[in-house]
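Residue-level structure breakdown
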Amino acid sequence: MNTTDAKRVLETALICAPQPLSVRELGTLFDDEVSADTLKSLLADLQLEWTGRGVELVKVATGWRFQSRPELRPFLDRLHPEKPPRYSRATMETLAIIAYRQPVTRGDMEDIRGVTINSLIIKQLEDRGWIEVIGHRETVGRPALFATTRQFLDDLGLSSLDQLPPLEGNDVQESALDRLDFDSLSASLPPESTDAPEPMDLASDALTPAGDPPALETSSQEPHEPGDPTLNAT
């Protein structure tokens, strides 16, 4: 099979796939006779060929997919003018803290936010598939450690946590919440599907103070990378 035919096979498979496809999955199209390096080169060529079109080929956490370009979203939204409710500020604050400080316990989140976090917020994020429990801290009560998932990265159109917007500083103090870019993060996330239950307004959890949030110590621990850090099969 020549290069042109191989790219046409890849292009067709990616356009028709309902979810991102990994390099390993794409290799099955050719009975694993095409190397991973060759597949990556073909995918890079396809990316260039689709430059300037309304659809682009992107690499996300779980593989490769075609998607509409962000600047065209306002036009596509006119096909479905009814939008589901946006997530509450409290929910997005919690998600941003997990994304930037993972792995974290619920107590860690409450220390940063300065309020008690409604358990429904955690459940809402888990049900959406954006966060998960990856272990437990070895301390009194063995609290659960939360981290973001590959689905979270896919929904943001990212391939790794390193692509999250950087914080405006290295010191993590009680004012860290002011530097978490959860507003733009919320705007970047796609809305829930229309068949999903309407999210509750959970911002009222801010009425329950958890005391003055202590300054957090900076940690040398690397952020948790959801799933297998090796995104492409070799």
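Please refer to the structure higher up on the page.
About the cut-offs
- Residues numbered from 1 in each chain as written.
- Predicted model: local features only at pLDDT ≥ 70, side-chain atom pairs only at ≥ 80, totals over all residues.
- Heavy atoms only, no water.
- Salt bridge = Lys/Arg side-chain N within 4 Å of Asp/Glu carboxyl O.
- Helix = DSSP H or I, 4+ residues; strand = E, 2+ residues; numbered from the N terminus.
- Buried < 20%, exposed > 50% of the residue type's maximum accessible area, 1.4 Å probe, protein only.
- Expected span 1.5 Å × (residues − 1).
- Arc of directions from axis to C-beta.
- Contact = heavy atoms within 4.5 Å.

Structural notes on the pattern of salt bridges
Under the defined criterion, the tally for this structure stands at 10 salt bridges. Arg-69 serves as the salt-bridge partner of Glu-56, at 3.0 Å between the closest nitrogen and oxygen. On the criterion of sequence distance, the pair formed by Glu-56 in strand E1 (residues 55-60) and Arg-69 in the loop between strand E2 (63-68) and helix H4 (73-76) is long-range, its members being 13 residues apart. For the pair Glu-56 and Arg-69, a shared accessibility class is recorded, and that class is buried.

Observations regarding helix H3 (residues 36-49)
Between its terminal C-alpha atoms H3 stretches 20 Å, which fits the 20 Å expected from 14 residues at 1.5 Å a residue. Looking only at H3, the buried set comprises Ala-36, Leu-39, Leu-42, Leu-43 and Leu-46. Down the axis of H3, the smallest arc covering the buried residues is 120 degrees, so these residues share one side. Structural note: H3 exposes Asp-37 and Leu-48 on the side pointing more than 90 degrees away from its buried face. Check the buried side of H3 and you find it contacts helix H1 (3-16), helix H2 (23-27), E1 and E2.

Here's the deal with unusual backbone geometry
Look at the link from Gln-102 to Pro-103: it is a cis peptide, with omega at -5 degrees. With respect to the element layout, Pro-103 can be found in the loop between helix H5 (89-101) and helix H6 (106-113). Even without glycine at this site, Arg-142 takes up a positive phi of about 45 degrees. For Arg-142, the location among the structural elements is in the loop between strand E3 (131-136) and strand E4 (144-148). On the accessibility criterion, Arg-142 (42% relative accessible area) is partly exposed.

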